[in-house]
Amino acid sequence: RDILLLGILINLSGCMPNVRIYFDQRPYSPHLYLLIIAPPASGKGLLTLAGMLPEAVNAHLKGENKRKKDAYEQELRAWEESSKQHTKKGQHPSGTPPASMPEEPDYYYLCGAPNTSKNQLISRLKINGDLGLIINASELDMISGAMKQDYGRHDDVFRAAFHHEPVSTDYKIDKQIICAEEPHLALCLSGTPNQLPSFIRSIDNGFYSRFVIYTCEARWKFRSAAPIGGSEDYVTLYKRLSRQVLDMYLLFQQSPTEVTLTPSQWEEHTAYFDRLLNEVASEQADAPGSVVLRAALIVARIATVLTAIRKTESTLRMKEFICSDEDFHSAMEIVKATINHSLLLISSLPGDEVKPKPLKSYFRIRTVLDLLPKTFTYKDVRDKALLLGIPERSTCRYLKKLLELNYLDKQEDKYRKIKKITDR
């Protein structure tokens, strides 16, 4: 259910043209990136159902493309006939010049293929503009294989598109520079732990921190696969839901929407991520702060998706829509869960090694503090830390950092907890 919910949110985020939220004085569309890492046969296949939601929009665009292509070919035939007439009669100085050759129109496709070239990806993002692009890949090999090829290496395009930063390429054939000024992209990807190192090896280039991360273990329990009498099969259900997504898409095409959070929601958002960033930074010198900072943006985007859905359910068509407390807290709870998954999965990234490392909890000192009373001595914390495999030298560094961040207060030989550890 978690995997399916996240897949639905990501695919819907790419079906909301002209929807925006302002975050840190910059406009963002709802587009999200999702990465599911789980063993084979653990439920990742449910993402294919979520990937069906944009299909009706894509079919609608294909119909528009056919109409545009037919009109273009008709204009082209008329132009060719007119050019032949001018050639036969000869062009007189006083005569009217022949009309210019009609240009072929741009064709829009909402769903992109995971196995694509870097040039083609940039070209598609440029053509689609505000419409954006959705890429679903049920196996990471589909996309990581293309990224390894000479025509690929497009993870920099993914990184830039997350923040709508310009990306460009220079075609060798016609020497034309293709630039997507404000790319919009949604990624919904899944794979096994062994496929992860080929896709992302470390957090150093910032690609990893742009994803909503979810990981789980396989639960080997067989359930009946017999058809349920009188119920709708999943494929038929999601095709029907896809038609509702098309209605939503057409609404936002005609009704641009700006989602806003209330002052109290922003205050809660700021307080939580300030605490979390301090806590993550206190764990180690090279802390993955980028995961926390981008998670703050991901909350805003998920809240935007939920609020935009509210607009489609109502009869109101105002330009500005305020996020409800219910939807804001739903977005916060989702990200509180996935950020812990993200920090957990970081521990398995191999870096320069070949094989992924085993998972281990990111937070170490938090576990130690949870075992201690409100007031404790250095010996108390040292002994608990040693039991959990934390060296004494690391414990001293943790304590120093927590004192600097005002999580702890020291009076003589006693430490006292003065700030609440971040909610889990």
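Keep in mind that what you see is a predicted model, and the values were worked out from it rather than measured. (Residues numbered from 1 in each chain as written. Predicted model: local features only at pLDDT ≥ 70, side-chain atom pairs only at ≥ 80, totals over all residues. Heavy atoms only, no water.)

**Regarding the sheet that holds strand 10 (residues 257-260)**
Quick note on the threshold: The criterion for strand pairing is that DSSP finds at least two bridges linking the strands in question. Secondary structure elements are taken from DSSP: a helix is a run of H or I of four residues or more, a strand is a run of E of two residues or more, and numbering for both begins at the N terminus. Axis definition: a line fitted to C-alpha atoms, limited for helices to the stretch in contact. Angles are taken between N-to-C directions and run from 0 to 180 degrees.
Taken in spatial order, the four strands of this open sheet run 2-1-10-11, and their pairing is mixed. Unpaired on one side and paired on the other, strand 2 (26-28) and strand 11 (320-322) mark the two borders of the sheet. Ignoring strand direction, the axes of neighbouring strands in this sheet form an average angle of 35 degrees. Examined bridge by bridge, strand 10 and strand 11 share three bridges and lie parallel to one another. Bridged to Thr260 within strand 11 is Ile322.

**Re the sheet that holds strand 3 (residues 33-37)**
If you trace the five strands from one edge of the open sheet to the other, you get 4-5-8-3-9, paired in parallel fashion. The sheet is open, and its two edges are formed by strand 4 (111-112) and strand 9 (212-215), each paired on a single side. Relative to strand 8 (residues 185-191), strand 5 (residues 133-137) runs parallel, the two sharing five bridges. Within strand 8, the residue paired with Ala137 across the bridge is Leu189.

**Details of the packing of helix 4 (residues 118-128) against helix 6 (residues 155-162)**
Inclusion rule: Should an angle lie under 35 degrees it is considered roughly parallel, over 145 roughly antiparallel, and from 65 to 115 roughly perpendicular; all remaining angles are considered oblique. For this analysis, residues touch if any pair of their heavy atoms sits within 4.5 Å. Classification used: nonpolar for Ala, Val, Leu, Ile, Met, Phe, Trp, Tyr, Cys and Pro, charged for Asp, Glu, Lys and Arg, polar for all others including Gly.
It is at 10 Å that the axes of helix 4 and helix 6 come closest, and there the two elements cross at 20 degrees. With respect to their mutual orientation, helix 4 and helix 6 come out roughly parallel. For the pair helix 4 and helix 6, the contacting residues are Lys118, Leu121, Ile122 and Leu125 in the first and Asp156, Val157 and Phe158 in the second. Split into classes, the residues belonging to the contact of helix 4 with helix 6 amount to five nonpolar, no polar and two charged.

**Notes on the pairing of strand 6 (residues 167-170)**
In the case of a regular strand, side chains alternate between the two sheet surfaces. Condition: Partly exposed residues are those whose accessible area sits between 20% and 50% of the maximum for their type, while under 20% is buried and over 50% is exposed, using a 1.4 Å probe and protein chains only.
Burial along strand 6 is one-sided: the face carrying Val167 and Thr169 is buried and the face carrying Ser168 and Asp170 is not. In the sheet, strand 6 pairs with strand 7 (residues 177-180) via four bridges, with the strands oriented antiparallel. Residue pairing in the sheet places Ser168 in a bridge with Cys179 of strand 7.

**As for the side chain of Ser347**
For the record, the criterion: Side-chain atoms alone can form a polar contact between residues adjacent in sequence; in general such a contact is a pair of N or O atoms within 3.5 Å, and within protein one must be able to donate a hydrogen while the other accepts it.
Assignment of secondary structure puts Ser347 in the loop between helix 11 (325-346) and helix 12 (365-370). Among the residues examined, Ser347 registers a relative accessible area of 13% and is labelled buried. One polar contact links the side chain of Ser347 to the main-chain carbonyl oxygen of Leu344, over a distance of 2.6 Å. Leaving out residues up to four positions away in the same chain, Ser347 has contacts with Lys357, Pro358, Leu359 and Lys360.

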